[in-house]
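Secondary and tertiary structure notes
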Amino acid sequence: MGENEEEGEMKPWEQHSKIISIPRFDYNAPCSILQRSHSGFLITSTIKREKSATKEAISILHQYVGPYNGDSSGSLERPNATVDTKRRKICTDEIGDKCADIVESRGIKEEEAGTLPKDDCLSCEKKDTNAERDHVMSLVKLTRSGLVLLTFPGENSLDTVNIVTNVCQSLDSGSLKSPLWCHRIFPIQSTCILKERDLQATVSKLVLQFVNDKQNKLSRPVKFAVGYNRRGFEETEMKVRKNTLKDSDRFALLDRNKCFSIVADAVTDVISDSAVDLKSPELSVLVELLPLSGVPNESLVVAVSVLPKNLVSTKPRLCIRALVSETKAKNKKT
């Protein structure tokens, strides 16, 4: 009976599979993310239902980002774009594999982190800078189950926080149907290599943007909180990485306390009159470790966002708010 019910729930997606198609993975995306910051969305979903969640996420996001169709290049692109079809294919499997091979063979030197030579990514950099591609999302392959990653070509392509805010407001008002497979949509404002210098710079920049936004009314002292999610990276795996790799200092920020300290220092550097408040923060800095596929083990990348209180949940831990409340989720099952 359970299997029949599950199949029944899947019928709408099967019926609309020709309309909402899943794009191929953009295998060049990890190389691009290592090279420069990106924005986008990290979606948590039911394990083994990532394809359903991808379709559902595309269906939801296209209402706020614009109509997108999946093409064979691994990107989600506006159907009325005037760019030549061949130019839209920025990341074929062959190019992606070559970029991944280059990253694997050379690795990321400490002084070169986040600055891979442009030639190593072939012509993808030139294509990504086209104005026509500002609102194009790519589907990025991850190594962990229950996650879907969609990225824009740059960190300022669209206001991802505002998009997720609009999604949540539509769900609250009932104008948007509650999702079945997408649990949370984390709006990624920036990505960076997991290094102290890079993380500090990224957090400082985003906190300053938040403070300067006149829509954010802050009291004094400013209450803030820090959340760090190493989803899928177990303690045993992190110990192995630290012990087997020569540059163990690079993995210091895998420790929660160390990461919290770095982020908190970056916040107080921007807002001197601030204090940690885990119960009712006015702004929350969320850091998500991205399990990117096709990158060497020593190249750890995080997604960072500074979020207002209406987009976060503090219980049982600090995280992006769920798309469906626990009460509604239980009512669906009963």
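Per-chain numbering applies: the sequence of each chain, read as written, is numbered from 1 onward. In keeping with the predicted nature of the model, local features appear solely for residues at pLDDT of at least 70, side-chain atom pairs appear and are counted solely at 80 or more, and the whole-chain, interface and lining totals rest on all residues. To obtain the side-chain values, all non-hydrogen atoms of the structure were used and water was disregarded.

**Brief notes about unusual backbone geometry**
- Following R220, the chain continues to P221 via a peptide bond in cis, the omega torsion being -5°.
- Under the scheme used here, helices are H or I runs from DSSP no shorter than 4 residues and strands are E runs no shorter than 2 residues, and both carry numbers assigned from the N terminus. Counting through the fold element by element, P221 comes out in the loop between α8 (196-212) and β8 (222-229).
- Residue P316 is reached from K315 by a cis peptide bond, and omega for that bond is 0°.
- Assignment of secondary structure puts P316 in the loop between β12 (312-313) and β13 (319-320).
- With a phi close to 75°, K48 is a non-glycine residue in the positive phi region.
- Within the secondary structure, K48 is located in the loop between β1 (40-45) and α3 (50-65).
- Judged by relative accessible area, which is 75%, K48 ranks as exposed. Only protein chains enter the calculation, and the probe is 1.4 Å; a residue is then buried if its accessible area is under 20% of its type maximum, exposed if over 50%, and partly exposed in between.

**What about the nonpolar core?**
- What is meant by a nonpolar core is a set of buried Ala, Val, Leu, Ile, Met, Phe, Trp, Tyr and Cys residues, joined one to another through side-chain atoms within 4.5 Å. Core analysis: the biggest nonpolar cluster contains 47 residues, and F41 and L292 have the highest contact counts within it.
- Broken down by element, this core gets its largest block of residues, six residues, from helix α7 (residues 160-173).
- Counting residues in each nonpolar core, the second largest holds 29 residues, with C192, L206, C259 and I271 among its members.

**A few points about the pattern of salt bridges**
- In what follows, salt bridge is the name for a side-chain nitrogen of Lys or Arg lying within 4 Å of a carboxyl oxygen of Asp or Glu. Taken as a whole and assessed by the stated rule, the structure comprises four salt bridges.
- D198 is the salt-bridge partner of R197, the closest N and O atoms lying 3.8 Å from each other.
- Residue classification places D198 among the buried positions, given a relative accessible area of 15%.

**With respect to the sheet that holds strand β9 (residues 274-276)**
- DSSP calls a pair of strands paired once it identifies at least 2 bridges connecting them. Across the sheet, which stays open at both edges, the five strands sit in the order β7-β11-β10-β8-β9 with mixed pairing between neighbours. A single partner strand is all that each edge strand has here, and the edge strands are β7 (190-193) and β9. Averaged over all neighbouring strand pairs, the angle between strand axes comes to 30°, with direction disregarded.
- Where β8 lies against β9, three bridges are found, and the strand directions are parallel. In the strand pairing of β9, V222 is matched with S274.
- Any pair of residues with heavy atoms lying within 4.5 Å of one another is described as a contacting pair. Axes here refer to lines fitted to C-alpha atoms; in helices the fit is confined to the stretch in contact. Angles between the N-to-C directions go from 0 to 180 degrees. Of the strands in this sheet, β7, β10 (283-290) and β11 (301-308) are in contact with α8, which crosses β11 at around 20°.
- Relative to the sheet, helix α10 (residues 256-270) contacts β8, β9 and β10, its axis offset from that of β8 by approximately 145°.

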